[in-house]
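A structural walkthrough
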Amino acid sequence: IREPDTPFTTELVNQGMGVNQILFLLAKILYDKNHLICIDEPEIHLHPVLIEQFVRVLVEIAQKENKQFLFSTHSEHWLMSLLAEVYERHLSADDLKVYFFQKEGMATTVESQKILENGQIEGGLKNFLEAQMSLANRFFPAETSSA
C-alpha cells in the first residue's frame, strides 16, 4: 500500500480491518458474474469518512457496472451517506429503497421508507435518532436544578 503524495509504503496486512474488508468486498463486487451483491453491515471497522467514500464508490460501480446492492445495516452514517448521494444527484431517489424492520414480540414488521428527491426520508429516520436522543438525554437531562 502506498500513501498518496508520500513515499511511505506498507504491507496490506499492516492495514486496519476496514481497509482489508473493503479490498475483499471490492474483489467480490467487481467480479463480472456478480450482479446482485448483498452485504451485511458494510460499515463495520470503517471510519465515518471512509464510509462516505466507500458509499460513493459503490454508487459509481452500481451505475457503471449495472450492479445492484442489498445492504443490511444498523448504521445511521451508512444510510445518511446513501441519502447524501441522492441529495447530490449521484443517485436517483427511485434507485434507493430503504426498509425499516422492527421486531415486536414474535413478529417482525417491515415498513418501506419513501425517499424524497432532496435525499430525505419522508417522516424522518425511524429508530436511529431516537436512540441518540435517549443517550443525549442521559448527559443533558431536561430538568435543571435551580440555584
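Attention in this report is confined to the structure presented alongside it. Source: prediction; values computed, not measured.

What follows is about the overall build of the protein chain. Regarding its fold elements, the protein chain presents 4 helices and 4 strands. Taken from N to C terminus, the helices and strands of the protein chain fall in the order α-β-α-β-α-β-β-α. A compact globule built from 147 residues should have a C-alpha radius of gyration of about 15 Å, whereas the protein chain, at 19 Å, is more than 25% larger. C-alpha atoms of the protein chain, sized along the principal axes, occupy 60 × 40 × 35 Å. Counting only residues that meet the buried cut, the protein chain has 27% of its 147 residues in that class. Look at the contacts in the protein chain between residues 6 or more apart in sequence, and 57% of them connect residues 24 or more apart. If you sum the accessible surface of the protein chain, you get close to 10900 Å²; carbon and sulfur atoms cover 55% of it.

Here we come to the packing of aromatic side chains. This model, assessed by the stated rule, comprises 4 aromatic pairs. Here F54 and W78 contribute two aromatic rings whose centre-to-centre distance is 5.9 Å and whose plane-to-plane angle is 65°, an arrangement assigned as edge-to-face. One end of the pair, F54, is in helix α2 (residues 48-65); the other, W78, is in helix α3 (residues 76-87), with 24 residues separating them in the sequence. When sorted by exposure, F54 lands in the same class as W78, which is buried. Plain terms: the ring middles of F69 and F71 are 5.6 Å apart, the flat faces sit at 5° to each other, and that makes the pair stacked. Note on F71: relative accessible area 24%, which makes it partly exposed.

Counted according to the given criterion, the structure contains 2 salt bridges. Ionic pairing is found between R56 and E85, a salt bridge with its closest N-O pair at 3.6 Å. One end of the pair, R56, is in helix α2; the other, E85, is in helix α3, and 29 residues separate them in sequence. The buried category is assigned to E85, whose relative accessible area is 3%. Between E60 and K64 there is a salt bridge whose closest N-O contact spans 3.1 Å. Taken together, the residues E60 and K64, both in helix α2 and 4 residues apart, mark about one turn of the helix.

What counts and how
Residues numbered from 1 in each chain as written. Predicted model: local features only at pLDDT ≥ 70, side-chain atom pairs only at ≥ 80, totals over all residues. Heavy atoms only, no water. Helix = DSSP H or I, 4+ residues; strand = E, 2+ residues; numbered from the N terminus. Rg over C-alpha atoms; globule rule 2.2 N^0.38 Å. Buried < 20%, exposed > 50% of the residue type's maximum accessible area, 1.4 Å probe, protein only. Contact = heavy atoms within 4.5 Å. Areas by Shrake-Rupley, 256 points an atom, 1.4 Å probe, with all protein chains shown as cover. Phe/Tyr/Trp six-rings, centres within 6.5 Å; stacked < 30°, edge-to-face > 60°. Salt bridge = Lys/Arg side-chain N within 4 Å of Asp/Glu carboxyl O.

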